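Understanding the architecture of this molecule
One letter stands for each residue in the lines below.
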Amino acid sequence: KMEIAAFLVASGQTGLDRDEVMNLTRAMVAQGERLSWPSRVVADKHCIGGIPGNRTSMLVVPIVAAHGMFIPKTSSRAITSPAGTADTMEVLAEVELSPERLHEVVNRERGALIW
């Protein structure tokens, strides 16, 4: 944790140049499990978050999926209230899916809103 804190402080004070940002991004992409989809085009809907009551993902994802595009949308939980998109969606459907289950849902429905 100390190394991460030191990295964040140093990066915040001096910034990162273009090569450092690119290398950091590539290192982040190389970590963890990557998902792939059997479609040439995979749609995404992104927002900055932190806007209470903003539920555009819950409208956009099913509309895009209904038009045949793949849209496996991840959303976060709220930090300070039960108002995150994933929190709200969880009232209607399960949002915590394994990668295998996510593939099943998206391949069948063309989209999903998950945490």
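That block above? That's the structure.
Notes on the structure follow. (Residues numbered from 1 in each chain as written. Predicted model: local features only at pLDDT ≥ 70, side-chain atom pairs only at ≥ 80, totals over all residues. Heavy atoms only, no water.)

**Points about the overall build of the protein**
Along the protein, the regular secondary structure elements total 5 helices and 2 strands. Starting at the N terminus and walking to the C terminus, you meet the elements of the protein as α-α-α-β-α-α-β. Judged by the C-alpha coordinates and their principal axes, the protein covers about 45 × 35 × 20 Å. Residue burial in the protein is summarised as follows: out of 115 residues, 24% are buried. Across the protein, contacts joining residues at least 24 apart in sequence account for 61% of those joining residues at least 6 apart. (Helix = DSSP H or I, 4+ residues; strand = E, 2+ residues; numbered from the N terminus. Buried < 20%, exposed > 50% of the residue type's maximum accessible area, 1.4 Å probe, protein only. Contact = heavy atoms within 4.5 Å.)

**Regarding the nonpolar core**
Counting residues in each nonpolar core, the largest one holds 10 residues, listed as Ala43, Met58, Val61, Val64, Ala65, Ile71, Ala86, Met89, Val95 and Leu113. When residues of this core are traced back to their parent elements, those giving at least two are helix H3 (57–66) and helix H4 (85–89). The biggest single contributor to this core is H3, with 4 residues. Formed by 8 residues, the second largest nonpolar core is a distinct cluster that contains Trp37, Leu102, Val105 and Val106. (Core = buried A, V, L, I, M, F, W, Y, C linked by side-chain atoms within 4.5 Å.)

**A word on unusual backbone geometry**
Unusually for a residue other than glycine, arginine 110 sits at a positive phi of about 80°. For arginine 110, the position within the fold is in the loop between helix H5 (99–109) and strand E2 (111–114).

**Section: the pattern of salt bridges**
A full pass over the atoms with the stated rule returns 4 salt bridges. Across the salt bridge formed by aspartate 87 and arginine 77, the nearest N and O atoms sit 3.1 Å from each other. Placement of the pair is aspartate 87 in helix H4 and arginine 77 in the loop between strand E1 (71–74) and H4, with a sequence separation of 10 residues. Its relative accessible area of 18% is what places aspartate 87 among the buried residues. Note that arginine 108 and glutamate 109 form a salt bridge whose closest N and O atoms lie 2.7 Å from each other. A residue is classified by how much of its surface remains accessible, and arginine 108, at 51% relative accessible area, is exposed. Put simply, Arg77, Asp87 and Glu90 are held in one network by salt bridges that share partners. (Salt bridge = Lys/Arg side-chain N within 4 Å of Asp/Glu carboxyl O.)

**Describing a nonpolar patch on the surface**
A surface patch of nonpolar side chains, about 640 Å² in accessible area, is lined by Ile4, Phe7, Leu8, Leu16, Val21, Leu24 and Met28. Elements with a minimum of two residues in the nonpolar patch: helix H1 (2–14) and helix H2 (18–29). Leucine 8 sits in the exposed class, given a relative accessible area of 53%. (Patch = residues over 30% accessible without salt bridge, like charges linked within 9 Å, V, L, I, M, F, W, Y side chains within 5 Å. Areas by Shrake-Rupley, 256 points an atom, 1.4 Å probe, with all protein chains shown as cover.)

**Topic: the pairing of E2**
In summary, the side chains of a regular strand alternate between the two faces of the sheet. Neither face of E2 is open: one carries Gly111 and Leu113, the other Ala112 and Ile114, and all of them are buried. In this sheet, E2 lies alongside E1 in parallel orientation, the contact comprising 4 bridges. Note on E2: the bridge partner recorded for isoleucine 71 is glycine 111. (Pairing = 2+ DSSP bridges.)

These results come straight from atomic positions and should not be treated as a statement about function.
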